[in-house]
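Residue-level listing of the chains:
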Amino acid sequence: MVFKSLSIFVLSAAAISAQTFQPLRFAGVNIAGFDFGCGTDGTCNITQACPPLTQLGCGDGLGQMQHFVKDDGYNVFRLPVGWQYLTYNQMTGVLNQTQFANYNMLVDACLSTGAYCEIDIHNYARYDGQAIIIGQGGPSNEIFAELWYNIANCWKNENRVIFGVMNEPHDMPDIYTWAGSVQAAVTAIRLAGATSQIILLPGNNYTSAEAFISSGSAEALNMVRNPDSTITNLVMDVHKYLDYDNSGTHLACVTNNIESSWYPLSTWLRENGRQALNTETGGGNVDSCVGYLSQQIAYQAANSDVILGYIGWGAGSFATSDILSETPYYNGTVWNDTLTVSMALSPMTNMLVSSVV
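Please read all numbers here as calculations on a predicted model, not as lab measurements.

Colleague: How do you make sense of the side chain of Ser266 when you look at a structure like this?
Modeller: Among the structural elements, Ser266 can be located in helix α9 (residues 258-272). By relative accessible area, which is 1% here, Ser266 ends up buried. Here Trp262 takes part through its backbone oxygen, which lies 2.8 Å from a polar atom of the side chain of Ser266.

Spelled out as structure tokens, the structure:
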């Protein structure tokens, strides 16, 4: 009964927007591995990193991305990496040449597919400790800005690179102070010469779409501006899973998140002239997740003026047996997608993304 009523809710929303419907701009998947070993307290054991590149001994990220673009119509990939990996365990903004070159191989592989590529620092707004928070007892805003200046300087002329300021900040003592740290990163990226690329602004509560307004993240991040005082290509970064506690750690999906998250978020975005990108979402490879993911994506597409798209979690070096795996299986001849990708997330299936419509 609930499943049926929510389906009607989605279809009604789509019907309302039918006359002005535009497809979602982005759809893709996280190509994980450089972030392996990173915890929610900002620690990153870089010996556990498993770069998703065959030449570095782990997953075939290039092969996966080529498949996703060609066979599924994906047009964006998020490339998580630990801060410690890039600086070789130094709390600095100075990039280690060897480590950065390894990561750059993945970015180059991504760009070679023609897709957009998100640089994602996967540190939860921390560096080596729960209380070592950026700008609030941990690395200073100046160090954080230096990190982003150096990263942006590498890709300042590449318009298909997206800068994801930070993965899933949480338990922030002061959201307005955090917004100041985000502002420092935005200013550094723009001053490095990356003047037109998308920059993603992450809020508190693990960037929860549901808590974005109630946590104060919306109000605080709405103050972040480009150096010229505009908000052009400053996009809100939100995550939302579909299991019972929004952790993305359970097989079954129980919600499409529309009433709790996407409706209030899209309303706020429209009222404030802002946009958001759903950079992590997903569910187990079971029928409940196929159904609820399809509903969530349909609602996002009905509100594509403010929700730019979705990026699933995750592929790359994840095993195909992982509970939320979207890693395709290569049988020696062709790639085979997981259930959720083939039946819900693939633009070739849902026909709701600009890359295939």
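Colleague: So what exactly am I meant to see when it comes to the nonpolar core here?
Modeller: Across soluble globular proteins, nonpolar side chains have a tendency to be buried as a group. In terms of nonpolar packing, the biggest core is built from 89 residues, with Phe77, Phe144, Trp148, Ile151 and Phe163 touching the most fellow members. The biggest single contributor to this core is helix α10 (residues 287-302), with 8 residues. Ignoring sequence-local partners within four residues, the contact set of Ile151 consists of Leu86, Leu95, Ile119, Ile121 and Phe163. Phe26, Ile162, Leu200 and Val235 belong to the second largest nonpolar core, which has 9 residues in total.

Colleague: For this particular structure, what's the right way to read the packing of helix α5 (residues 141-154) against helix α6 (residues 175-191)?
Modeller: Any two packed helices are characterised by the angle at which their axes cross and by the distance between the axes. Their axes nearest at 8 Å, the elements α5 and α6 cross at an angle of 35°. Considering only the axes of α5 and α6, their crossing is right-handed. Each of Asn141, Phe144, Ala145, Trp148, Tyr149 and Ala152 in α5 lies in contact with α6, whose residues at this interface are Trp178, Gly180, Ser181, Ala184, Ala185, Ala188, Ile189 and Leu191. Among the residues forming the contact of α5 with α6, the class breakdown is 11 nonpolar, 3 polar and no charged.

Colleague: Is there a simple way to explain the pattern of salt bridges in this structure?
Modeller: Side chains bearing opposite charge may pair, as long as their charged atoms lie close to each other. Across all of its chains, the model carries 7 salt bridges by this definition. Here Asp71 and Lys70 are joined by a salt bridge, their closest N and O atoms 3.3 Å apart. Taking relative accessible area as the criterion, Asp71 reaches 36% and is therefore assigned partly exposed. Its salt-bridge partner being Glu158, residue Arg160 comes within 3.6 Å of it at the nearest N-O pair. The network of salt bridges with common partners includes Arg78, Glu118, Asp120 and Glu280.

Calculation notes
Residues numbered from 1 in each chain as written. Predicted model: local features only at pLDDT ≥ 70, side-chain atom pairs only at ≥ 80, totals over all residues. Heavy atoms only, no water. Helix = DSSP H or I, 4+ residues; strand = E, 2+ residues; numbered from the N terminus. Buried < 20%, exposed > 50% of the residue type's maximum accessible area, 1.4 Å probe, protein only. Polar contact = N/O pair within 3.5 Å; in protein donor to acceptor, adjacent residues only side chain to side chain. Core = buried A, V, L, I, M, F, W, Y, C linked by side-chain atoms within 4.5 Å. Contact = heavy atoms within 4.5 Å. Axes fitted to C-alpha atoms, helices over the stretch in contact; angles between N-to-C directions. Left-handed = near helix turned anticlockwise from the far one by under 90°. Nonpolar A, V, L, I, M, F, W, Y, C, P; charged D, E, K, R; others polar. Salt bridge = Lys/Arg side-chain N within 4 Å of Asp/Glu carboxyl O.

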